[in-house]
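Observations on chain architecture
Here is how the chains run, residue by residue.
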Amino acid sequence: MRIGIIGSGVAGSLLAEGLLGASGQEVTVFERAAAGDHAEAGTGLNLGPNALKALRLHAPARHGAVRAVSLPWHRWRADLTDGTPLLDLDLMEVAEEPGLRIRWSELYRALRAPVSHLTRQGHAMEALEEDAAGRLVPVFRTPDGTLLRHGGFDLLVGADGRYSRLRALTDGEPVPEHLGLCIWRLLVSEATNCPFDDYGQWFQGSNRLLAFRVPGNAVYIAGTFQLGGEVPIPPEARTAAFQRALFTPRGAPPCPAVAWMLDRIAADIPGIHWARTQEAPMLRHAAGGRALFLGDAAQAMVPTLGQGATQAIEDGTIAASLLRTGEDAAAVAATVASWRDPRVDFARRISRAASDTILGADPVEGTRRKGREPFLGELRRLYTEVPGPEELGLPARTEAA
Ligand SMILES: Cc1cc2nc3c(=O)[nH]c(=O)nc-3n(C[C@H](O)[C@H](O)[C@H](O)COP(=O)(O)OP(=O)(O)OC[C@H]3O[C@@H](n4cnc5c(N)ncnc54)[C@H](O)[C@@H]3O)c2cc1C
């Protein structure tokens, strides 16, 4: 089977690696970014323990590689911005191993390295044709404007992120659901005096700061606040004064962590990456099973529990294990859907439910609730219910196979 993977991000790179050496399969990865271009990867992220479990069971070498360039995520702490404690959860109460904290650039580097020889960079998929045998033929634009074709593929995998071109071309543009939230991200590159380390959240009403250290003496900060409608983020919201007012407690000084972050935000307003939060309806395959979607291309979700890249990791690793069976494209697309859709649906529901506090629910009760059952039971399911090869009904596979 000839397989073309569009996008060497999280899901695409893991899928390609998982198919290395699979008999009867010829795999090529097409990536829009040029070699060495990690411009999109300027911040940090946390990966849930379920991402680590998927890597441990399906891609052990990658498990070691990402752990080597990250910090462990042991605790989930949440306070009010004046320092009033709300939650301090040891992840080992609900998981089999810690999650991790990493820079985007390091994650991409660790995932892309083993498949660089299969990857054609500077290939932005733009259009889609069909050959005489009914196979899909992607058309790419290179940085010099040239259009290129590399023949027909039995299966095209859309691993090209939340604005997937393959999805738009085979099923139309998904209609996003806007959550009425602005989310910004900042990587503070010099964090010597930072008074915190592991994952923390700080609430001022429904406005929330989220931050943690990442390797290289850096700190990742994300701010979230409500912004109704689908309007662009107004210029006045992008100022230090506006952001300081959002996250400053009333009638009390900010706790040391929040005071430190407010100063860093003021010092680096131009370095902030601004976005609106939106979800897209889930779609696993199209074009009669000749197009399969993984990661954000299939299931862009709210970032609340850090499950976007985490689910992309589950997708890439599990789809690779299933694809190695060598079934035809339509059969394998249906099999991937049967394993992944219920699981992703669950991850989306719990991520959405956990967004209550940034959507206006009482942050004190809403956060304390997350340290109790039944939420802990849901988190336990999220962090541990990752099927290994045996549960998928597949023979155990060594890394070299
Ligand atoms: C503010 C914010 C914070 C987040 N924080 C976290 C977090 O802490 N933890 C977490 O797990 N997730 C987080 N996420 C979600 C995470 O970013 C995504 O879910 C994840 O990157 C999806 O992986 P992917 O492989 O589907 O796509 P991506 O990693 O986006 O990769 C897509 C790849 O496709 C390439 N591409 C795109 N279009 C084309 C094309 N036309 N042709 C060829 N190549 C193309 C891109 O260059 C890229 O390499 C966050 C998201 C946001 C917006």
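An account of the accompanying structure is given in this report. (Residues numbered from 1 in each chain as written. Predicted model: local features only at pLDDT ≥ 70, side-chain atom pairs only at ≥ 80, totals over all residues. Heavy atoms only, no water.)

1. Remarks on the sheet that holds strand 13 (residues 177-188)
- An order of 6-5-14-15-16-13-17 is seen for the seven strands of this open sheet, with the pairing classed as mixed. Edge positions in the sheet fall to strand 6 (85-90) and strand 17 (273-279), since each has one partner strand and no second. Strand-to-strand twist of the sheet, defined as the mean angle between neighbouring strand axes without regard to direction, takes the value 20°.
- Note that strand 5 (residues 75-80) and strand 14 (residues 200-204) share four bridges and pair parallel. Looking at strand 14, one finds that L80 is bridged to F203. (Pairing = 2+ DSSP bridges. Helix = DSSP H or I, 4+ residues; strand = E, 2+ residues; numbered from the N terminus. Axes fitted to C-alpha atoms, helices over the stretch in contact; angles between N-to-C directions.)

2. Let's talk about the pattern of salt bridges
- Under the definition given, this model contains 30 salt bridges.
- The closest approach of N and O atoms between E177 and R352, which form a salt bridge, is 3.0 Å. Here E177 is found in strand 13, whereas its partner R352 is found in helix 10 (residues 329-353), with 175 residues between them in sequence.
- Accessibility expressed as a relative area gives 40% for E177, which makes it partly exposed.
- Of the charged contacts in the structure, one is a salt bridge between D356 and R369, with a shortest N-O distance of 3.0 Å. Separated by 13 residues along the polypeptide, D356 in the loop between helix 10 and helix 11 (363-368) and R369 in the loop between helix 11 and helix 12 (375-384) bring together distant segments of the chain. (Salt bridge = Lys/Arg side-chain N within 4 Å of Asp/Glu carboxyl O. Buried < 20%, exposed > 50% of the residue type's maximum accessible area, 1.4 Å probe, protein only.)

3. Re the site of the ligand
- Residues in contact with the ligand amount to 34 residues; listed here are only the nearest, E31, N46, Y108, D296 and G306.
- Here an oxygen atom of the ligand and a side-chain polar atom of R112 are 2.9 Å apart.
- Contact distances for the ligand include 3.3 Å between an oxygen atom and a backbone N or O atom of G308.
- Calculation on the ligand without its partners gives an accessible area of 1,000 Å², and the protein chains cover 90% of this total.
- Broken down by secondary-structure element, the contributors of at least two residues to the shell around the ligand are helix 1 (10-18), strand 3 (44-47), helix 4 (104-112), strand 9 (124-130), strand 13 and helix 9 (308-323). (Near = heavy atom within 4 Å. Polar contact = N/O pair within 3.5 Å; in protein donor to acceptor, adjacent residues only side chain to side chain. Areas by Shrake-Rupley, 256 points an atom, 1.4 Å probe, with all protein chains shown as cover.)

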